[in-house]
Amino acid sequence: LSEINDIERNIITYEDPVENKMEGLNQSQVRSDIGYTFLSGLRSALRQDPDVIMVWEIRDQETLEMAMESAMTWHLVFSTIHTNSAVETLTRAFNLWAKPFMVAGTFNLVIAQRLCRNICPNCKTVANFKTDPRYLNALETFKEFDKDALRDELVSRGITGQEWTSFIKDGNIIVGTGKDPMTGGICPICWGSGYKGRVWIYELMDYSDDIKSLILDGKSAFDIGHYALAKGMIDLERDGIFKIMKWMTNLDELYRFVRLRNKK
């Protein structure tokens, strides 16, 4: 919202609570105890000629329908919804009785995100994970990756040939030992945890014409997700692996949030 906020845009938000007061926005605190809900706020928003609407969270069928109707009338709508992944947002929407043609006509972009811990820069060391089932699982993510899309992704992230080889061919990954390399005692930076700071992993699903056609054809979220991954979509697992290659995090952190593909 901060990026698109300017004097020519009328931006209205409905939040619970208003966590970040921003100049230039019309921010509103919903109050369900007096009947002022996200749904009633959305209904009133359309009478105020907004350009952008932000709904703090979509929790029910009526709010989802009103948000999609707002998007159908050329309003830019932002919101959040609780799902396990960007692809499973489709499943959640259909569980709330959204119609496929409405989803295809209004959804533009879905982003899922998780917060992983960074490896401590003081006590980090290289370890070999070549026989670890999680490492073998990570390699599977590249088998159906479009080659051109993979090359572009590696270039955009600044992953060198050496970093690629170190992970893919050699199975080398950094870990935090929790011990000070100088004294052998507890690391004074991470206090023995092996981690310091945080790094985001993201999953972004662009609702291209192909994806919208699959939705209209009644394909399942599983089929749509499989198609998107084959075309180069970066899911949470792929993004996390790229950040492991850049020595930002490790397998323990990534697979706290991501399911193993080959797990029985």
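Sequence order as written defines residue numbering, which begins from 1 separately in each chain. The predicted origin of the model limits local features to residues at a pLDDT of at least 70 and limits the giving and counting of side-chain atom pairs to 80 or more, whereas totals for whole chains, interfaces and linings rest on all residues. Calculation of side-chain values draws on the structure's entire complement of heavy atoms; hydrogens and water are dropped beforehand.

**Q** Tell me what's going on with unusual backbone geometry, and back it up with residues and numbers.
**A** A cis geometry characterises the amide bond from D16 onward to P17, with omega recorded as 0°. Numbering of helices and strands runs from the N terminus; a helix is a DSSP stretch of H or I covering at least four residues, while a strand is a stretch of E covering at least two. With respect to the element layout, P17 can be found in the loop between strand 1 (11-15) and strand 2 (26-29). One non-glycine residue with positive phi stands out, namely W74, at about 65°. You can see W74 is positioned in the loop between helix 2 (61-72) and strand 4 (76-79).

**Q** Run through the packing of aromatic side chains, naming residues and quoting values.
**A** Only the six-membered ring of Trp is used, alongside the rings of Phe and Tyr, when aromatic pairs are assigned; centres must lie within 6.5 Å, and planes under 30 degrees apart are stacked while those over 60 apart are edge-to-face, with the rest tilted. One pass over the structure, following the stated rule, counts 8 aromatic pairs. Measuring from ring centre to ring centre gives 6.1 Å for W200 and Y202, while their planes differ by 25°; the resulting arrangement is stacked. Residue burial is assigned from relative accessible area. The probe radius is 1.4 Å, only protein chains are included, and a residue is buried under 20% of its type maximum, exposed over 50%, and partly exposed in between. A relative accessible area of 37% places W200 in the partly exposed class. Using a relative accessible area of 35% as the deciding quantity, one classes Y202 as partly exposed. Feature note: the residues F142, F145, W164 and F242 constitute an aromatic cluster, connected by ring pairs.

**Q** Go over the pattern of salt bridges with me, naming the residues and quoting the values.
**A** Here, a salt bridge means any side-chain nitrogen of Lys or Arg that lies within 4 Å of a carboxyl oxygen of Asp or Glu. Summed over all chains, the structure comprises 15 salt bridges. Between R59 and E57 there is a salt bridge, and its shortest N-O distance comes to 3.4 Å. A residue is classified by how much of its surface remains accessible, and R59, at 43% relative accessible area, is partly exposed. Classification of E57 by relative accessible area gives buried; the value is 12%. Between D152 and R151 there is a salt bridge whose closest N-O contact spans 3.8 Å. Overlapping salt bridges bring together E153, R157, D239 and K243 as one network.

Treat this as a map of the structure, not an account of what it does.
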